[in-house]
Amino acid sequence: MSGLNVKLILNYINKNKLSKAKFCKLCGISSYNLKKILNNDKSIKIVPILKVLKVLNISSCSLIIID
């Protein structure tokens, strides 16, 4: 099963002392989309993920976990 490495996102939020709301604003995504990303919801669209990748300054390969 594959999914997103949500630890990278949570570590970024904690390291930068951001609330989830501030992180969403920084990324330009809704809290609903962040919740879907953090829950590895398969129905999440690519645009919010790309916005998170841009803020984290990582490639998509770093965010995807393949088990």
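Residues numbered from 1 in each chain as written. Predicted model: local features only at pLDDT ≥ 70, side-chain atom pairs only at ≥ 80, totals over all residues. Heavy atoms only, no water.

Chemist: When you look at the overall build of the protein in this model, what are you seeing that I'm missing?
Modeler: A tally of helices and strands in the protein yields five helices and two strands. The order of helices and strands in the protein, counted from the N terminus, is β-α-α-α-α-α-β. For 67 residues, the compact-globule formula gives about 11 Å, and the C-alpha radius of gyration of the protein, at 11 Å, lands near that figure. Projected onto its principal axes, the C-alpha coordinates of the protein cover approximately 30 × 20 × 15 Å. Sorting the 67 residues of the protein into buried and exposed places 33% on the buried side. Across the protein, every contact between residues at least 6 apart in sequence was considered, and the portion connecting residues at least 24 apart equals 58%. Accessible surface for the protein amounts to roughly 4,700 Å². Of this, 58% is attributable to carbon and sulfur atoms. (Helix = DSSP H or I, 4+ residues; strand = E, 2+ residues; numbered from the N terminus. Rg over C-alpha atoms; globule rule 2.2 N^0.38 Å. Buried < 20%, exposed > 50% of the residue type's maximum accessible area, 1.4 Å probe, protein only. Contact = heavy atoms within 4.5 Å. Areas by Shrake-Rupley, 256 points an atom, 1.4 Å probe, with all protein chains shown as cover.)

Chemist: Please explain helix α3 (residues 31-38) as it appears in this structure.
Modeler: A turn of α-helix holds 3.6 residues, and therefore any two residues three or four places apart point the same way. Those residues of α3 that sit buried are N33, L34, K36, I37 and L38. Buried residues along α3 sit against β1 (2-4), α1 (6-15), α2 (20-27) and α4 (46-56).

Chemist: Explain α1 to me, please; I cannot follow it from the model alone.
Modeler: What α1 keeps buried is the set V6, I9 and I13. Projected down its long axis, α1 shows its buried positions confined to an angular sector of 60°, all on one face. Exposed side of α1, more than 90 degrees from the buried face: K7, N14 and K15 are the residues found there. Those residues of α1 that are buried lie in contact with β1, α2, α3, α4 and α5 (60-63). Immediately downstream of α1, the backbone of K17 shows phi near 50°, a positive value. (Arc of directions from axis to C-beta.)

Chemist: Can you walk me through a nonpolar patch on the surface in this structure?
Modeler: On the surface, a nonpolar cluster with roughly 280 Å² of combined accessible area is contributed by I46, V47 and L50. By relative accessible area, L50 is classed as partly exposed at 48%. (Patch = residues over 30% accessible without salt bridge, like charges linked within 9 Å, V, L, I, M, F, W, Y side chains within 5 Å. Salt bridge = Lys/Arg side-chain N within 4 Å of Asp/Glu carboxyl O.)

Chemist: Sorry, what's going on with the packing of α1 against α3 here?
Modeler: Between two packed helices, what matters for the description is the angle formed by their axes and the separation of those axes. In the contact formed by α1 and α3, the axes pass within 9 Å of each other and the chain directions differ by 130°. Here α1 is positioned oblique relative to α3, judged by the angle of their axes. Contact residues: V6, I9 and L10 in α1; L34, I37 and L38 in α3. Considered class by class, the residues forming the contact of α1 with α3 number six nonpolar, no polar and no charged. (Axes fitted to C-alpha atoms, helices over the stretch in contact; angles between N-to-C directions. Parallel < 35°, antiparallel > 145°, perpendicular 65-115°, else oblique. Nonpolar A, V, L, I, M, F, W, Y, C, P; charged D, E, K, R; others polar.)

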